[in-house]
Amino acid sequence: MVPRVVKGGPRLTEYLNAAKAVEPLYGDVQKHVLEKAGKPSDRRQDILHPSEMVKADWCHLAAFHRLRLQVEPAEKRTTTFTRENIFEEGHRTHSKWQAWLKEMGRLAGDWKCWYCGDVFWNDTTPAECHTCGAPPSCLEYAEVPLNADPLRIGGKADGYSPEDNALIEIKTLGLGSLRFERPEFLERYVVDTEHGRVPDLTRLWRDFRRPLPTAVRQTQLYMYLANHFEDLPAERTVFFYDFKPTQETKSFTVNYDESFSEPLIEAAAAIVDCLQADTPPFCNINGRAGCAVCLEFEEQKK
Ligand SMILES: [Zn+2]
Ligand SMILES: [Zn+2]
């Protein structure tokens, strides 16, 4: 019998996963995780999220529709096990750095009591629940809420250090995020080897000298919200980066620059005005014709 040669690649992986030709328990875990990911998200739809506002293709008309209808765009949310694994890894990395800062007493923020359900602010690791006196084992760090109610913006920073007047952002850096956000940076480190073209990770990590641009825009907006709406002095943001391929780490500082966020704040104010007047704004991405995101809402309305 002629052995069948099957070419590798993502298609084959997906097929094997679906066919469960691999270990059945492994397949069941993947199925479980993908089913969980398919459930409706508990992400609030009545506020503007800084993470969406800082994207180059943030459509004001789509934001208007979403706040008005309070539903997510109808686009099909496709995901893969790898993508979900990256998200989960990101959450775990947050918890790790936050736990270290907590042990040092250098972490301020909201704390949630799992015994009485209350959430309270504390400038350092609390000795007990402020409301019911439950011990620290019942308390979970609930990060740093950053809300501008009049502008309907709501977000959360990963941490705050009162001694440093600094917000804290924790990031994981993997090849996936670089490929997506800074393909030209990644491409510079791709070298030809006998196994094909692969990135030189040692040189890449050595030359990684500042946070990714979307992360900078997002933290500038966070600092704006902290200083103007939360009475939380934020002079700078400290970034902790975990490099996934090697587990090496780096830290960066981004100083507060108010002018960075002013156009976004003005846009949010304009969207709120439009909501009050019940008059949709123009699509700022593709004018009268509309962009993919706001057109989806138009479709939904039909
Ligand atoms: Zn309590
Ligand atoms: Zn649009």
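Just above sits the structure.
Everything numeric in this text was worked out from a predicted model, so none of it was measured.

**Observations concerning the sheet that holds strand S1 (residues 109-113)**
In any sheet, the strands associate via hydrogen bonds between backbone groups, in a parallel or an antiparallel arrangement.
Consideration 1: Sheet architecture is open: 3 strands sit in the order S2-S1-S3, paired in antiparallel fashion. What marks the edges here is a single partner per strand, and that holds for strand S2 (119-122) and strand S3 (139-141). Direction aside, neighbouring strands of the sheet carry axes that sit 35° apart on average.

**Looking at unusual backbone geometry**
Consideration 1: A positive phi angle, near 65°, is found at glutamate 143, a position not held by glycine.
Consideration 2: Among the secondary structure elements, glutamate 143 is positioned in the loop between S3 and strand S4 (144-148).
Consideration 3: Assessed through the 20 C-beta atoms surrounding it within 10 Å, glutamate 143 is described here as buried.
Consideration 4: Notably, aspartate 231 is not glycine yet its phi reads approximately 55°, a positive angle.
Consideration 5: Assignment of secondary structure puts aspartate 231 in the loop between helix H9 (213-229) and strand S10 (236-243).

**Digging into the packing of helix H4 (residues 60-69) against helix H11 (residues 292-301)**
Consideration 1: Between H4 and H11, the least distance of the axes is 7 Å, while the angle of their chain directions is 35°. Along this stretch, H4 crosses H11, giving a crossing that reads as left-handed. In this structure, H4 uses Leu61, Ala62 and His65 to contact H11, whose residues at the interface are Val293, Cys294 and Phe297.
Consideration 2: Among the residues forming the contact of H4 with H11, the class breakdown is 5 nonpolar, 1 polar and no charged.

**Quick word on the environment of lysine 156**
Consideration 1: Take lysine 156: it is sitting in strand S5 (residues 153-157).
Consideration 2: On the basis of neighbour counts, which here come to 16 C-beta atoms within 10 Å, the residue lysine 156 falls in the partly exposed class.
Consideration 3: Distance from lysine 156 to alanine 108, taken between C-alpha atoms, is 13 Å for residues 48 residues apart in sequence.
Consideration 4: Discounting chain neighbours no more than four positions away, the residues touching lysine 156 are Glu143, Val144, Pro145 and Leu146.

**Describing the pairing of S10**
Consideration 1: Note that strand S7 (residues 166-173) and S10 share 8 bridges and pair parallel. Bridged to threonine 172 within S10 is aspartate 242.
Consideration 2: Bridging between S10 and strand S11 (residues 248-255) involves 8 bridges; their strand directions are antiparallel. Note on S11: the bridge partner recorded for aspartate 242 is threonine 249.
Consideration 3: What sits between S10 and S11 in their antiparallel hairpin is a turn of 4 residues, with glutamine 247 showing a positive phi close to 65°.

**Some details on the sheet that holds S7**
Consideration 1: What the 4 strands build is an open sheet, ordered S6-S7-S10-S11; its pairing is mixed. Looking at strand neighbours, the two that pair on one side only are strand S6 (159-161) and S11, the edges of this open sheet. The sheet shows a mean angle of 30° between the axes of neighbouring strands, direction not considered.
Consideration 2: This element, helix H5 (residues 81-103), spans S6, S7 and S10 of the sheet and lies at about 140° to S7.
Consideration 3: Contacting S7, S10 and S11, H9 crosses the sheet at an angle of about 160° to S7.

**Details of the packing of H4 against helix H10 (residues 262-277)**
Consideration 1: Where H4 meets H10, the axes come as close as 10 Å, and the angle between the chain directions of the two elements is 50°. Classified by the angle their axes make, H4 and H10 are oblique. Remark: the crossing between H4 and H10 carries right-handed chirality. Contacts between H4 and H10 pair His60, Ala63, Phe64, Leu67 and Arg68 from the former with Ala267, Ala270, Ile271, Cys274 and Leu275 from the latter.
Consideration 2: Class assignment of the residues belonging to the contact of H4 with H10 gives a composition of 8 nonpolar, 1 polar and 1 charged.

The rules behind these values
- Residues numbered from 1 in each chain as written.
- Chains lettered and ligands numbered in written order.
- Predicted model: local features only at pLDDT ≥ 70, side-chain atom pairs only at ≥ 80, totals over all residues.
- Pairing = 2+ DSSP bridges.
- Helix = DSSP H or I, 4+ residues; strand = E, 2+ residues; numbered from the N terminus.
- Axes fitted to C-alpha atoms, helices over the stretch in contact; angles between N-to-C directions.
- Buried ≥ 20, exposed ≤ 12 C-beta atoms within 10 Å, placed from the backbone.
- Left-handed = near helix turned anticlockwise from the far one by under 90°.
- Contact = placed C-beta atoms within 7 Å.
- Nonpolar A, V, L, I, M, F, W, Y, C, P; charged D, E, K, R; others polar.
- Parallel < 35°, antiparallel > 145°, perpendicular 65-115°, else oblique.

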